[in-house]
2 protein chains.
Amino acid sequence: MERKEFRELTSVEDARTLVDKIRVQPETTILPIEGTAGQILAEDILSGVNVPAFNRSIKDGYAIRAKDSYQASEPEPQELKLIGAIPAGCSDSFFVDDGEAIEISTGAPIPDGADAVIMVENTKQKENSVLIYQPVHIGENIMRAGTDIMKGERILRKNTRMGSREIGVLASIGMDKAPVKRLIVGIISTGSELIKPGEVLGLSKIYDANSYAIAAAIEECGGTPKIYGIVPDEEEVMERTLETAIDECDIVLTSGSTSAGAGDIMYMIIEEKGETLTHGIAIKPGKPVVIGMIDGTPTIGLPGNPTSALSIFNEFVAPIIYNSLGLKPSFKTKVTAVMGTGIRSGGREELFPVGVVRGKVYPADKTSGAITTLSDADGIIEIRAHTEYIEPGSEVEVTMFGNVRSPDLMLIGGQCPGIDLLEEMTGLMFRTLNMGSSAGFTAMSGGTADIACVNMVDADGNYNSSVLEKMNLKDVVLVKGYRREQGLIFSPDNHVYGLEDIVNLQIINRNRGSGTRALLDRELGLLAEVKGTSKSELIKDLKGYNSGSKTHRSACDAVKSGKADVAFGIRAAAEEAGLEFIPVAEDEFDFVIRKDLLEIKEVQMFLETLSSEDFSKRLPQGMYTYELTGSIISSF
Amino acid sequence: MERKEFRELTSVEDARTLVDKIRVQPETTILPIEGTAGQILAEDILSGVNVPAFNRSIKDGYAIRAKDSYQASEPEPQELKLIGAIPAGCSDSFFVDDGEAIEISTGAPIPDGADAVIMVENTKQKENSVLIYQPVHIGENIMRAGTDIMKGERILRKNTRMGSREIGVLASIGMDKAPVKRLIVGIISTGSELIKPGEVLGLSKIYDANSYAIAAAIEECGGTPKIYGIVPDEEEVMERTLETAIDECDIVLTSGSTSAGAGDIMYMIIEEKGETLTHGIAIKPGKPVVIGMIDGTPTIGLPGNPTSALSIFNEFVAPIIYNSLGLKPSFKTKVTAVMGTGIRSGGREELFPVGVVRGKVYPADKTSGAITTLSDADGIIEIRAHTEYIEPGSEVEVTMFGNVRSPDLMLIGGQCPGIDLLEEMTGLMFRTLNMGSSAGFTAMSGGTADIACVNMVDADGNYNSSVLEKMNLKDVVLVKGYRREQGLIFSPDNHVYGLEDIVNLQIINRNRGSGTRALLDRELGLLAEVKGTSKSELIKDLKGYNSGSKTHRSACDAVKSGKADVAFGIRAAAEEAGLEFIPVAEDEFDFVIRKDLLEIKEVQMFLETLSSEDFSKRLPQGMYTYELTGSIISSF
């Protein structure tokens, strides 16, 4: 097989133009109206009935001849003979003659002979007669047949997207089924490294996220997804699956296997069986994209990375679905927001994943190999070619990933169950990036975080404020949090009585930059002093010192599974995991908050909850509030 | 049974406060991730795996020991022994020693011994070795296990609404099922007059729209609807159904039967079996609303009218669902728009159905008895108490009925298949109100319509411009449309050769204010003159002269079904219905357009299409364009 390493990329504009011209013809299927929500109507709907179908009373009262009421007044009511009652839904025949009245309910059919309804409020019923206190005019309180919808009227038009309103309208004209468009989009995930969610994860395997994420995105566009599952990087199997999919679907999507590597088969197959319209779009992450046509079926190869696959789907596949369904692409939720921090770009046109917090945009890109920045990305922004830097404060348009609820506060820093408790108690939605205290400080200086969660100790054993001073951070306040018991976490099989016992064990350390790791370093330094040695000498024997677990929970997991003998972390995590705990020190877990946010509702709620008695009570084991918890203790 | 005609209404504010306190506890159900779109996550999701699960190559290239590359350069490449290849997904064990390299694909696991990957672009493969042209550092092109998601990390939080992004995130950590909240909302439609869509419409019956419209609205809120169908106004049956529903559901809704009429049973049952929290809210259309609690199950009686039922649902039921699911009600789509015309209100607080066209708001209220203003309403505005008039131009907030696409142009006036053709050819979405030419002129003077569709003849046989002059309409233009053959439409069984033959037949006339009716009047007047009699004398014998069909199609329907012998209308409608047609006259179907809209894209498209040759060709039989079609022929 020939390798294609370099090729001419299609410009974004050309790719858009290309995609805009592609149309497929969806079939029509008849569904029960209950099942049509989100579907696209395939035909104009003409009413087959009048609504209402009969002249109908719109009030509770009496059906009479209007002229019998013309002389009626409060002082001199007219008395009419009461000859019966018509409840709603009654289909008996009645006739009202001069001088007669029939009791009638809202919604009941007007009897023959009657030409008006007098409201019950303006009458008084006697045994066999009714007194009329006011005149009514001909037609009063009568809704004529067809007033609302006339038989033959077009009440819904083709290409309407069905919702509660539309379903109600169909029901009201008696339709229990409706013709909707069925545009089937097949999805093939390619790659020998993929396995199906739910299966056991072997070494070298990753779960197939694209089949499911893209299926849901297809539904959001009004299409019908058909998942073909995972196909290994073998030409024959892929070819066979592709043939079946092309036979059964209106559009076929593949994901993965489009880079110029050993698995570059999909492009070859399209090239061989059909026509390649473009291979590679000059937009990051569009380089591996291939758009082709096989037997009149658009066949599109998406990148393997889920965030990239969804971005490219939104940009270059959704328009084909919308256009083919006769929809306007106005269903894409776009919001205008302001850059909360600067974003650097490589100069190439780029679909850049971002988070949106209270109308501010932050980069949500981890590394080019990342699989699920997806969980931190609320949408994408398009960065134009030759843009090297987007300034903080500039306005950008974000295309949201569906009906996404943006978080209320962005927290970056150390991980702690206390933060989860704050989130639960405030009812706010946090985006919490557990990157360690150092990253929290950095994010404050870059303006990325609203709140940094920090537990960073210095050489003298002081927490947080000394770091703020050293970093010369401005326009922030330090809010007192709580203290936490930190110590050794191990399984009951091991005999650990203090820090000196761990030097020959396998440890799972926390990530560099985390306050807990810094605390362990400090304690090891103190121990070395006592032992008359150096810290570096001490950690030589400490296996696993270079490991870096991002959360307390994952550190405990490593101990539980036997991968490590011991971890250093908070008591709460040890207890949750059912592991032994020996306290070594207490840390101080505080919050750095941007000054300009102190007055906003979300931060106010955060601080109120933090300082509440209820929060103090509900903190997990081994965590304790101070008198000053929730107060600003210094301002920078 | 006692009648309750008057009662104290609850203020809107009190009703909101009441509703805001109601919570139910939804159950958790486990669904396959494919089926969770739109559902609400019941638990925090912690990752059970590292993503990636292994150290992974992020490039196609060669896994090596970094130090073997330190001396490499373009002129002096380093040669390493090629000992194998690791494709993605490969789970064999490999070991790279000093001086060795293994070919590796993107996504494949890094072999033991190797600590870097050099990109294929910077190498050259020979038979049993590979040349390295650039140095790489330790860790280069390697994504470490857990970089993206660390085992134990919370990746989705409770109460998240599932969409394509969330489904993708779950799949990527290997979950094929997810715990979601299941809040079951039962719907009982009450009223002996109701029948199920799909059944034959008997006299006095109307189709049950609420069960379906409200079920869809419940789904839009994240709830699970359960339809109990139609229950007649009989206390025993209703009581039994309500008992079952309360037993099976978290919330029970009923619609209809809550007015103070003969069917006022639901309120009685709630009163008897539980507690009435409010009966009647001081908001139009909330008067019949009853909110009660039976055995801890909120039981709410909605109005019978579907628009009212949906409005009240949005206002007072949706919050209970949102709160119980832990959602913020920010899912309601609210848009700020500008009143396109004034709206009068009775001074009572009101949820007023409106249409939204290009950001302008118009009333969509027909009559209080109307069932489906629903098809013309895009949302509702809330009119505060004591507001008598909302001025055109004032800003209002519209709560949209779901994901509604607003129409591009509002057309009011005469009905014609030529308009449908224009809509199809422009690709625009029209809201077309077939109310007759007179209503079209009136709508132009009131500013409600963008375009009036008119075919109104005066006594001298002149069309449209004379009416504009008489009405003294300003700031509009008259655009030439096309002419249409109008005549007698009848079934082949009848012998009709001209207008004089119809005087003893049963006619189906068009609605008052329609141009076609005016044309018939004119022709009858001319005939009377010829016959030496008066028009009023002539129509005395014309049975059905007072009837008023709103569309050409429904007039033809009446003839086809034998309800009328003859209709007066356009040839196109007669031919579509397969009826006989004798031409009597031609009318002129023109368009009145607001001057300030002439430059907008939608009107430009309208005019371009109207004047196109293609439109002329595609006009139905009996309709002909002029030289001037699509041109402005006069300005007012």
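Description of the structure in this document. (Residues numbered from 1 in each chain as written. Chains lettered and ligands numbered in written order. Predicted model: local features only at pLDDT ≥ 70, side-chain atom pairs only at ≥ 80, totals over all residues. Heavy atoms only, no water.)

Across its full length, chain A holds 15 helices and 37 strands. For a compact globule of 636 residues, the expected C-alpha radius of gyration is about 26 Å, and chain A comes in at 35 Å, more than 25% above that figure. Dimensions of chain A, computed from C-alpha atoms along their principal axes, come out at roughly 120 × 70 × 50 Å. Per-residue burial over chain A gives 59% buried out of 636 residues. Intrachain contacts of chain A at a sequence separation of at least 6 include 72% that bridge at least 24 residues. For chain A, the exposed surface amounts to about 25,200 Å²; the carbon and sulfur share of it is 46%. With 64 positive and 93 negative side-chain charges, chain A shows a spacing of 2 Å between the two charge centroids. (Helix = DSSP H or I, 4+ residues; strand = E, 2+ residues; numbered from the N terminus. Rg over C-alpha atoms; globule rule 2.2 N^0.38 Å. Buried < 20%, exposed > 50% of the residue type's maximum accessible area, 1.4 Å probe, protein only. Contact = heavy atoms within 4.5 Å. Areas by Shrake-Rupley, 256 points an atom, 1.4 Å probe, with all protein chains shown as cover. Lys, Arg positive; Asp, Glu negative; His and termini not counted. Charge placed at Lys NZ, Arg CZ, Asp CG, Glu CD.)

Once that is clear, we can look at the pattern of salt bridges. All names here are of chain A. For the structure shown, the criterion picks out 72 salt bridges over all chains. Note that Lys 540 is salt-bridged to Glu 537, the shortest N-O span being 3.7 Å. Of this pair, Lys 540 and Glu 537 are both found in helix 11 (residues 535–540), 3 residues apart, which corresponds to roughly one turn of the helix. For Lys 540, a relative accessible area of 64% corresponds to the exposed category. (Salt bridge = Lys/Arg side-chain N within 4 Å of Asp/Glu carboxyl O.)

This paragraph deals with unusual backbone geometry. Residue and element names in this part refer to chain A. The residue after Val 51, namely Pro 52, is reached through a cis peptide bond having omega -10°. Within the secondary structure, Pro 52 is located in the loop between strand 2 (45–46) and strand 3 (56–57). For Ser 204, which is not glycine, the phi torsion reads 80° and is therefore positive. Summarising the element assignment, Ser 204 is placed in the loop between strand 14 (194–195) and strand 15 (206–207). For Ser 204, a relative accessible area of 0% gives the class buried.

This next bit is on the packing of helix 3 (residues 210–220) of chain A against helix 6 (residues 306–325) of chain A. Residues and elements named next belong to chain A. Put simply, helix 3 and helix 6 touch, their axes get as near as 10 Å, and they point 30° apart. Considering their axes alone, helix 3 and helix 6 lie roughly parallel with respect to each other. Helix 3 and helix 6 meet at a crossing whose hand is right-handed. In this structure, helix 3 uses Asn 210, Ala 213, Ile 214, Ala 217 and Ile 218 to contact helix 6, whose residues at the interface are Pro 306, Ala 309, Leu 310, Phe 313 and Ile 321. (Axes fitted to C-alpha atoms, helices over the stretch in contact; angles between N-to-C directions. Parallel < 35°, antiparallel > 145°, perpendicular 65-115°, else oblique. Left-handed = near helix turned anticlockwise from the far one by under 90°.)

Laying chain A over chain B is done by rotating through 180° and shifting 0.0 Å along the axis; what remains is an RMSD of 0.1 Å. Expressed as a symmetry operation, the mapping of one chain copy onto the other fits a two-fold axis. Of all interface residues in chain A, 99% are interface residues in chain B too; the two copies therefore contact each other through one and the same surface. (Least-squares fit on C-alpha atoms with pLDDT ≥ 70 in both.)

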